[in-house]
Structure formats: C-alpha cells, structure tokens
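What follows is each chain in one-letter form.
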Amino acid sequence: MNLPELLPPDWRDALAPFLDPAATAALGAFVAAEYARHTVYPPVEDLFAAYRLCPPADTRVLILGQDPYHGPGQAHGLSFSVRAGVRVPPSLRNVFKELAEDAGVTPPADGDLTGWARQGVLLLNAVLTVRAGAAASHAGRGWEAFTDATIRALDARAERVVFLLWGGYARKKAALVTGPQHVVLEAGHPSPLNRAGFRGARPFSAANKALADAGRPPVDWDPRA
C-alpha cells in the first residue's frame with residue numbers, strides 16, 4: 001500500500017519533505033497486511049478522509065486525537081467524529097457540552113463532524129488505523145511519524161493555524177509547532193474520566209479569536225452548518 005499515493009495531491013506534496021520514504025513504505029506494508037488479515041477501522045476508503053475534506057491551504061484549525069474508535073461503525077477517518085446514526089461517544093458528548101457553553105451551539109443529535117472538516121478544521125488522529133476491539137493496537141508502528149509530518153507541514157505554512165491539543169498525548173505535539181505565526185491551545189482530554197482540564201477551557205471561542213487576530217475567517221462551530 002503506497003500511502004502517499006492515496007493522499008490528495010496537495011497533501012502529498014506538503015508532506016513529502018517531512019516523510020522518510022523507507023519508514024513510510026514499511027508503514028504501508030504493515031497497514032496493507034492488517035487490512036488483509038483483520039477487521040481494521042476506519043474502512044480503507046475513509047483512511048485519509050480528514051485530508052480529503054480539508055486541503056492544506058484551507059486548514060485553519062487542527063484538532064488532534066490519539067487513536068480511531070475501535071467499535072463497529074464508529075471510525076470514519078475524522079478524529080472524535082462518528083457517523084450519523086452512531087451513538088455519540090462519551091468524549092464527544094463532553095466536547096458538545098463545552099461547545100454549548102463556549103459558543104452557544106445546541107448539541108447536535110449526532111456526532112458527525114464533517115461540517116467542521118469542510119470549514120478547514122483538520123480532524124487528525126495521531127494513529128490512523130486500529131484493529132477492531134483493540135484500542136491502540138496500531139500505535140508505535142509508524143503512523144506517529146506520518147502524522148507528525150502533517151503537523152510539521154502545517155507549521156511550515158505562512159498563514160496562521162490554530163492547534164487544539166487536548167490531553168497529555170496531544171499536548172506533547174506542541175513541540176512540533178515552532179512558527180510564531182501559529183497558536184497552540186492546550187487543554188485536558190475531553191474524556192469523562194478526566195475530571196478537570198477540559199470543561200471550561202473555552203477552546204472554540206479562543207480559536208476563533210486567534211484566527212480573527214490574524215485576519216483569518218472564524219469557524220462556524222455548529223457541525224450542522
């Protein structure tokens with residue numbers, strides 16, 4: 001599986017300076033074998049949905065997750081998002097509660113965040129695949145370098161990008177953002193197991209303020225928009 005060839009051309013070009021070809025080829029071989037032998041999420045056609053929906057030139061905000069959902073029908077290539085008709089996971093319910101308090105958006109009935117992606121919000125997981133029922137089963141196999149390259153590619157852009165890093169794992173990626181034109185907004189993970197650190201962080205209004213300060217249009221945070 002030639003992973004760069006599966007990317008949209010603009011993302012392929014953006015990532016190329018930051019990817020090691022041998023490591024990327026090894027990752028592609030691993031991912032192809034996993035899809036062939038096991039049930040893997042998201043479906044292969046959704047593997048790069050975040051990139052397909054959000055071109056690099058349009059990316060204004062990055063929200064970094066850790067690992068795709070590993071239950072049937074949940075993961076569809078966008079961090080934190082689930083398709084319409086799928087029960088909204090607990091972490092996303094907390095995101096919606098914060099969204100209501102921060103931006104006045106009534107919680108949607110479903111958890112599909114495609115509307116955010118189409119507005120320039122890159123919904124990226126650090127690891128892009130997972131075996132069914134086995135959380136973090138594809139961690140440490142090479143995806144981290146691939147998605148780190150994505151962050152580095154956005155860091156290389158002249159236009160401001162706001163990086164929303166939620167939870168200890170995501171916050172470690174702040175070191176990859178070196179451009180003074182960018183803004184990193186850190187908070188705790190929205191998991192209900194995390195009793196403090198996310199609720200009250202007001203990430204959505206803070207992101208829009210950072211965009212406005214740089215002359216970039218704000219995000220309409222209603223995912224139904």
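Computed from a predicted model, the values in this text were never measured in an experiment.

Caption draft 1: Representation of the overall build of the chain within the structure. Per the secondary structure count, the chain includes nine helices and six strands. A compact globule built from 225 residues should have a C-alpha radius of gyration of about 17 Å, and the chain, at 17 Å, falls within 12% of that. Partitioning the contacts of the chain with sequence separation of at least 6, the portion at a separation of at least 24 is 69%. Carbon together with sulfur atoms contributes 53% to the accessible area of the chain, which is approximately 9,700 Å² in total. Of note, the chain has its 23 positive side-chain charges centred 5 Å away from the centre of its 22 negative side-chain charges.

Caption draft 2: Looking closely at helix H5 (residues 90-103). Between the first and last C-alpha of H5 there are 20 Å, a value that for 14 residues agrees with the 20 Å anticipated at 1.5 Å per step. Along H5, the residues classified as buried are Ser91, Leu92, Asn94, Val95, Phe96, Glu98, Leu99 and Asp102. Positioned one or two residues after H5, Gly104 has a phi angle of 70 degrees, which is positive.

Caption draft 3: Expanded view of the UniProt feature "domain: Uracil-DNA glycosylase-like" (unreviewed entry) in the chain. When the UniProt feature table is mapped onto this chain, "domain: Uracil-DNA glycosylase-like" (unreviewed entry) is found at residues 52-211. Helix makes up 29% of residues 52-211 and strand makes up 14%, while its end C-alpha atoms are separated by 22 Å.

Caption draft 4: Representation of the nonpolar core in the model. Counting 68 residues, the largest nonpolar core has Ile63, Trp116, Trp143, Phe146 and Trp221 as its most contacted members. Sort the elements by how many residues they give to this core and helix H7 (residues 143-155) lands first, with six residues. What Phe146 contacts, discounting residues up to four positions off in sequence, is Leu3, Leu7, Leu15, Leu19, Thr24, Leu27, Phe48 and Tyr51.

Caption draft 5: Highlighting the sheet that holds strand E6 (residues 183-187). Spatially, four strands are ordered E3-E2-E5-E6 in an open sheet, and the strand pairing comes out parallel. Among the strands making up the open sheet, the edge pair consists of strand E3 (121-125) and E6. Pairs of neighbouring strands in the sheet enclose a mean axial angle of 20 degrees, with direction left out of account. Pairing geometry for strand E2 (residues 61-65) and strand E5 (residues 162-166), over four bridges, is parallel. Bridged to Leu62 within E5 is Phe163.

Caption draft 6: Layout of the packing of aromatic side chains. Applying the stated criterion across every chain, the model contains twelve aromatic pairs. Judged by centre distance (5.7 Å) and plane angle (10 degrees), the ring pair of Phe48 and Phe146 falls under stacked. In this pair, Phe48 is assigned in the loop between strand E1 (40-41) and helix H4 (49-53) and Phe146 in helix H7, connecting sequence segments 98 residues apart. For the pair Phe48 and Phe146, a shared accessibility class is recorded, and that class is buried. Ring centres of Trp116 and Trp221 lie 5.0 Å apart, and the angle between their planes is 90 degrees; on these two criteria the pair is classed as edge-to-face. Within this pair, whereas Trp116 is found in helix H6 (residues 114-117), its partner Trp221 is found in the segment after helix H9 (203-213), the two being separated by 105 residues in sequence.

Caption draft 7: Quick look at the packing of H5 against H9. Between H5 and H9, whose axes approach to 8 Å, the crossing angle comes to 60 degrees. Here H9 runs oblique to H5, going by the angle between their axes. Contact residues: H5 offers Val95, Glu98, Leu99 and Asp102, while H9 offers Pro203, Phe204 and Ser205. Considering only residue class, the contact of H5 with H9 consists of four nonpolar, one polar and two charged.

Caption draft 8: A look at helix H3 (residues 21-37). Between the first and last C-alpha of H3 there are 24 Å, a value that for 17 residues agrees with the 24 Å anticipated at 1.5 Å per step. Those residues of H3 lying buried are Thr24, Leu27, Gly28, Phe30, Val31, Glu34 and Tyr35. Burial along H3 is one-sided: seen end-on, the buried residues are contained in an arc of 165 degrees. In H3, the exposed positions angled more than 90 degrees off the buried face are occupied by Pro21, Ala22, Ala36 and Arg37. Of the surrounding secondary structure, the elements contacted by the buried residues of H3 are helix H1 (3-6), E1, strand E4 (130-131) and H7.

Scoring rules and cut-offs
- Every residue gets a number counted from 1 within its own chain, in the order that chain's sequence is written.
- Side-chain atom pairs in this predicted model are given and counted only at pLDDT of 80 or more, local residue features only at pLDDT of at least 70, and totals for whole chains, interfaces and linings cover all residues.
- In computing side-chain values, all of the structure's heavy atoms are included and hydrogens and water are not.
- Helix numbers and strand numbers start at the N terminus; a helix is a DSSP run of H or I with at least 4 residues, a strand a run of E with at least 2.
- C-alpha atoms define the radius of gyration, and 2.2 Å times the number of residues to the power 0.38 defines the globule rule.
- Any two residues whose heavy atoms approach within 4.5 Å are treated as being in contact.
- Note on areas: Shrake-Rupley with a 1.4 Å probe; residue coverage comes only from the protein chains shown.
- None of His or the chain ends enter the tally, which takes Lys and Arg as positive and Asp and Glu as negative.
- Charge placement uses NZ in Lys and CZ in Arg. For Asp and Glu, CG and CD serve respectively.
- One fewer than the residue count of a helix, multiplied by 1.5 Å, yields its expected span.
- Burial status follows relative accessibility: with a 1.4 Å probe on protein chains alone, a residue under 20% of its type maximum counts as buried, one over 50% as exposed, and anything between as partly exposed.
- UniProt positions are given in the numbering used here, feature names are shortened, and annotations may be inferred rather than shown by experiment.
- For our purposes a nonpolar core is just a set of buried Ala, Val, Leu, Ile, Met, Phe, Trp, Tyr and Cys residues, chained together by side-chain atoms within 4.5 Å.
- Should DSSP find at least two bridges between two strands, the strands are regarded as paired.
- Here an axis means a line fitted to C-alpha atoms, over the contact stretch when the element is a helix, while the angle between two N-to-C directions is reported on a 0 to 180 degree scale.
- Each pair of aromatic rings taken from Phe, Tyr and Trp, with Trp reduced to its six-membered ring, is defined by centres within 6.5 Å and is described as stacked if the planes are under 30 degrees apart, edge-to-face if over 60, and tilted in the remaining cases.
- Should an angle fall under 35 degrees it is taken as roughly parallel, and over 145 as roughly antiparallel, whereas 65 to 115 is taken as roughly perpendicular and any remaining angle as oblique.
- Think of it as three bins: nonpolar holds Ala, Val, Leu, Ile, Met, Phe, Trp, Tyr, Cys and Pro, charged holds Asp, Glu, Lys and Arg, and polar takes everything else, Gly as well.
- Directions pointing from the helix axis toward each C-beta atom define the arc.

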